[in-house]
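Observations on the three-dimensional arrangement
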Amino acid sequence: MAPAFSDADLARRRSAARRLGWLLGAAVLALYLIGLFIKR
Amino acid sequence: MARTPHHSLAGWQSRVYACACRTGRLALAPALLLPTVASAAYSFNFPEPVTPIARETLHIHNEFMLIITILFVVVFAIMIYSMIKHRKSIGHQPAKFVGPTGALQWFWALIPFAILLFIDFVLMGIPAVQAIINMEDTKTKADMVLKVTGMQWKWQYEYPESGLKFISTLSTPRDQIANAEAKGEHYLLEVDKPVVLPVGKKVRILLTSTDVIHTWWVPQFGVKRDAIPGFLRETWVLIEKPGIYRGQCAELCGKDHGFMPVVVHAVPEPEYLAWLEAQKAEAKTAAGGADRTWSKDELVAEGKAVYEKVCAACHQPDGKGLPPAFPALAGSKVVNAPLLDMNGKVIKDSHVDRVLHGKAGTAMQAFSASLSDVELAAVITYERNSFGNQMGDMIQPAQIKSLR
Amino acid sequence: MSTATTHAAEHPAEHYPGGLMRWLTTTNHKDIGTMYLTFSLIMFFVGGLMILAVRAELFQPGLQLMRPEFFNQLIGVHALVMIFAALMPAATGFANWMLPLMIGAPDMALPRLNNWGFWLLPPAAILLTLPFTLALFGIGDGALATGWTFYAPLSVQGGMGVDFAILAVHILGISSIMGSINIIVTIFNMRAPGMTMMKLPLFAWGWLITAFLLIATLPVLAGAVTMLLTDRHFGTHFFDAAGGGDPILFQHLFWFFGHPEVYILLLPVWGLMPHVLSTFSRKPAYGYTAQVYSFIAIGLLSVVVWAHHFFTAGMPIPALVYFMFSTMAISIPLAVLFFCWIATMWKGAMTFETPMLFAVGFIVLFGIAGLTGLILADVAADAQYHHSYFVVAHFHYALFAGGIMGVMTGVYYWLPKWTGHMYSEKLGKLHFWLTVFSFNLTFIPQFFLGLAGMPRRIPDYALQFAEFNAISTLGAFVLGLSQLLFAWNIWCCVRGGPKVESRVWEGAEGLEWELSSPPPHHSWETQPTIK
């Protein structure tokens with residue numbers, strides 16, 4: 001049987017995951033910072 | 001352990017509204033599992049409603065309980081039927097379906113949701129919206145206004161039309177709470193000075209707070225509304241039946257959250273007016289006292305009474321406080337310092353300043369609005385000459401008046 | 001720990017540090033999952049002990065055991081521990097262990113982030129409970145005494161326990177966000193070829209929605225408590241009317257997080273249910289697509305209904321009506337789930353092993369939570385229920401019967417897969433019946449207490465509430481003690497027991513059952529076939 005993911009495929013998937021991860025992290029940070037600018 | 005015998009609670013049981021039986025029957029089962037205590041006072045529904053709102057709320061509650069009980073029974077009857085009939089041990093062969101197939105199955109699969117939509121937005125939704133509109137209608141035909149101010153941990157009531165204002169605090173003795181003596185019938189639900197309201201009049205209630213959020217709640221009125229510092233909230237009651245109605249603060253407001261009850265005496269209007277006149281006369285006498293010169297002994301005696309009512313919950317009856325949240329007054333640097341500056345003005349962060357204006361960000365609130373000149377002068381004088389503090393000085397009600 | 005030794009035995013060529021360093025530095029999803037689950041179990045008992053002290057105080061009227069300040073600390077920290085340190089880590093533990101196995105991935109996509117996510121938890125838990133210990137040494141006045149909701153201005157005047165809790169919530173939040181990011185990118189990028197989104201196991205779908213909810217709402221909670229911190233120490237007035245702020249703003253921000261949080265705790269369990277039901281009914285899950293769309297619908301609705309948590313704070317009539325109807329609308333997708341669960345059982349060939357018992361118990365008791373939630377949404381009736389014991393009972397049906405019993409379902413279902421051993425069915429069933437009985441004994445009386453007018457969060461109560469409180473305390477102690485059976489059963493199962501096959505349960509379907517029990521240290525060295 002073939003291995004689940006070839007090394008190249010796995011590396012590609014991991015870097016895609018890392019990019020999306022950073023993007024989500026940035027979204028979280030943005031939400032947090034926007035919250036601090038609520039004026040009252 | 002000191003406990004009141006159960007028969008003293010019979011009054012409560014008899015007050016349980018007749019409707020309780022309908023929805024309560026199902027729920028009785030678990031209580032019956034405990035035959036030894038089943039003779040005690042159990043109530044399975046709201047207490048007897050005495051305002052139109054409370055009646056409407058109870059009606060809605062009973063109706064909804066019926067609906068959800070039916071839903072519960074029907075849905076789980078189907079499930080239990082399946083659990084009995086579709087078992088492997090009786091040789092049932094599993095089906096393979098994974099969703100509705102064909103128009104008829106889709107129809108039967110969608111029926112429950114049509115019913116649920118109807119229940120949500122028509123059967124429950126329409127009475128709910130009507131109730132909201134009723135509840136929020138505080139202004140139409142209001143006969144009088146009552147202002148309720150929540151404070152850690154007491155309620156202040158004000159009748160703006162008559163200029164009457166007083167504080168109502170828990171009157172249950174501390175010994176009962178500490179289990180050192182038998183508990184009274186209205187343990188924790190009794191106050192020194194209940195608020196009095198006329199029966200049959202629409203009372204518009206304005207709520208606010210001096211410190212943290214409190215919630216004014218009397219179950220038999222069907223009314224629960226937050227008292228928020230710096231904001232005014234409103235609600236209304238129209239009490240239909242004379243009686244004594246008891247409730248509690250419902251929003252966690254610190255140490256003595258469980259010890260700030262609401263007690264309302266609902267009386268016929270003539271009785272209410274007579275009470276109002278008597279209170280006004282009393283207040284006038286008290287206010288007159290502000291202009292005369294008081295002796296130190298008089299102030300200390302009056303101050304002790306005020307202290308025990310207003311201050312002792314935090315600073316404790318012996319003045320030792322509960323540090324660090326509630327500092328001691330005994331030997332306090334704030335108390336054992338000059339009273340006023342050389343021009344007779346308030347020194348910043350001094351004893352007088354703290355009592356009049358409070359300390360921001362702590363439970364120490366500004367008492368200048370809630371206590372009278374006499375009460376303020378008395379309690380300050382008392383604190384300076386008690387718990388081992390020996391300042392020997394005193395402040396006159398007239399001085400407080402000029403410092404405001 | 002025996003899982004560890006088994007892995008090591010199967011992979012003699014593996015190189016990783018032994019002892020403590022192995023657990024500190026591991027990036028293996030199974031190790032991290034095990035740590036999450038162990039941490040969760042420990043904190044479950046910590047939070048449980050706190051509430052047993054509370055229930056003991058409430059056994060009779062009068063103050064017997066503690067001062068009101070300490071009582072207030074216990075109830076708030078109990079809630080924070082149970083929510084953030086017991087339930088959420090348990091769900092994350094499941095995700096770590098099972099997601100890669102279920103979607104055919106070799107590991108989580110970001111293994112080092114995964115390690116970080118876990119190791120932030122113990123310090124946060126220590127921060128949360130440290131003020132109790134410090135108070136013993138005369139430092140500060142104990143943990144936060146505001147309830148888990150931190151309502152300003154009470155939290156502004158609170159002691160340093162509030163600061164500790166704020167810090168702890170920040171760290172717990174960061175940990176959860178790391179976990180969520182990892183789960184999202186793993187599901188998006190690491191599925192085996194052929195595993196399309198609509199072939200994804202429902203457990204993965206449930207967690208995917210949970211992860212998005214966490215990412216959308218935790219920053220708001222963090223923002224709210226940061227504002228609280230600056231109000232406390234840096235002279236801002238976000239929540240102080242005297243400075244132009246508004247205490248109710250805090251409630252809006254808190255519940256914008258707080259309501260989705262309920263679904264954050266429940267969605268992983270809802271995702272798990274169809275797996276268990278279909279396994280023990282020997283019949284595929286009913287309405288896969290309907291369940292996926294219900295998850296999405298509940299996720300979307302959950303972020304627009306928050307104000308039903310404070311109807312009594314007062315708001316304009318249109319707002320009241322909107323929040324009431326939007327809350328009631330959640331009952332529709334939730335009913336879809338109930339329908340699908342029961343339809344999955346319908347005409348199956350059911351057996352009732354412990355996980356199935358817990359699943360059925362979950363459905364019935366969570367049904368009570370859902371139905372009482374429906375009437376709580378009604379503004380007029382809510383004026384009576386709100387802040388009373390009725391609400392306490394309601395959300396324990398949601399979070400204990402829904403959340404914790406759901407987690408127990410998962411533990412019994414997957415424990416043989418994780419350890420390679422069968423747990424004791426006898427003990428498991430005993431644990432189930434004791435839990436269900438004592439849970440109801442604890443919380444049914446609380447419904448009636450609430451209706452009779454007992455406010456929540458009070459250390460002492462009027463005499464008319466005495467009997468129900470005594471029954472409730474009795475139930476709580478039985479409930480607490482029966483959880484020792486659970487821990488003991490797990491302990492014995494980890495240590496040994498009858499060996500199980502890869503497909504532990506006769507009717508189990510899904511990739512995770514194609515790997516050996518316990519699975520190899522590195523899963524999916526060969527490509528799985530997706531049906």
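What you see is a predicted model, and the numbers here were worked out from it, not measured in a lab. (Residues numbered from 1 in each chain as written. Chains lettered and ligands numbered in written order. Predicted model: local features only at pLDDT ≥ 70, side-chain atom pairs only at ≥ 80, totals over all residues. Heavy atoms only, no water.)

**Some details on the sheet that holds strand β7 (residues 223–227) of chain B**
All names here are of chain B. Read from one edge of the open sheet, five strands run β4-β10-β9-β6-β7, paired in mixed fashion. Each having just a single partner strand, β4 (195–198) and β7 make up the two edges of the open sheet. Sheet twist, expressed as the mean angle between neighbouring strand axes with direction ignored, is 25°. Two strands pair when backbone bridges link them, and strand β6 (residues 214–218) and strand β9 (residues 243–249) are joined in this way by two bridges, in the antiparallel orientation. (Pairing = 2+ DSSP bridges. Helix = DSSP H or I, 4+ residues; strand = E, 2+ residues; numbered from the N terminus. Axes fitted to C-alpha atoms, helices over the stretch in contact; angles between N-to-C directions.)

**Considering the domain arrangement of chain B**
All names here are of chain B. Taken as a whole, chain B is organised into domain 1 (6–136), domain 2 (144–287) and domain 3 (292–403). Between domain 1 and domain 2 the total buried area reaches about 1300 Å² when both faces are included, carbon and sulfur atoms providing 48% of it. Among the residues of domain 1 in contact with domain 2, Glu48, Val50 and Thr51 are the three that bury the most area, contributing 37% of the side total. In this assembly, domain 1 and domain 2 are joined by three salt bridges. In this structure, the connection of domain 1 to domain 2 is made through nine residue pairs in polar contact (both at pLDDT 80 or more). Listing elements by their share of the side of domain 1 that touches domain 2, those giving two or more residues are α3 (52–85) and α5 (125–136). With four residues, the top contributor of residues to the side of domain 1 that touches domain 2 is α3. (Domains from an automatic or database assignment. Buried area = accessible area lost by both parts, 1.4 Å probe. Salt bridge = Lys/Arg side-chain N within 4 Å of Asp/Glu carboxyl O. Polar contact = N/O pair within 3.5 Å; in protein donor to acceptor, adjacent residues only side chain to side chain.)

**Focus: the interface of chain B and chain C**
Taken together, the contacts link 105 residues of chain B with 108 residues of chain C. Across the interface of chain B and chain C, roughly 8800 Å² is buried in total on both sides, 72% from carbon and sulfur atoms. At the surface where chain B touches chain C, the tally comes to one salt bridge. Of the charged contacts in the structure, one is a salt bridge between C:Glu506 and B:Lys88, with a shortest N-O distance of 2.9 Å. Summed over the shared surface of chain B and chain C, the number is 25 residue pairs in polar contact (both at pLDDT 80 or more). For the side of chain B that touches chain C, the elements supplying multiple residues, two or more each, are α2 (20–32), α3, α4 (102–123), α5, β7 and β9 of chain B. Take the side of chain B that touches chain C: its biggest share by element is 15 residues, from α3(B). (Contact = heavy atoms within 4.5 Å.)

**Regarding the packing of α4(B) against α5(B)**
Packed helix pairs are characterised by how far apart their axes lie and by the angle those axes make with each other. All names here are of chain B. Direction vectors running N to C along α4 and α5 enclose 20°, while the axes themselves pass 4 Å from each other. When the interaxial angle is binned, α4 and α5 end up roughly parallel. Contacts from Ile119, Asp120, Phe121, Val122 and Leu123 in α4 reach Gly125, Ile126 and Pro127 in α5. Partitioning the contact of α4 with α5 into residue classes produces six nonpolar, one polar and one charged. (Parallel < 35°, antiparallel > 145°, perpendicular 65-115°, else oblique. Nonpolar A, V, L, I, M, F, W, Y, C, P; charged D, E, K, R; others polar.)

**Re the interface of chain C and chain A**
One widely used convention gives an interface's size as the accessible area the parts lose upon coming together. Listed as interface residues are 37 residues of chain C and, on the opposing side, 22 residues of chain A. A combined buried area of about 2400 Å² lies between chain C and chain A, and 71% of that area is made up of carbon and sulfur atoms. In terms of surface lost to chain A, no three residues of chain C exceed C:Asn189, C:Pro219 and C:Gln527, which account for 19% of the buried area on that side. Looking at the side of chain C that touches chain A, the elements with two or more residues in it are α8 (160–189), α9 (202–233) and α10 (247–281) of chain C. It is α9(C) that provides the largest number of residues to the side of chain C that touches chain A, a total of eight residues.

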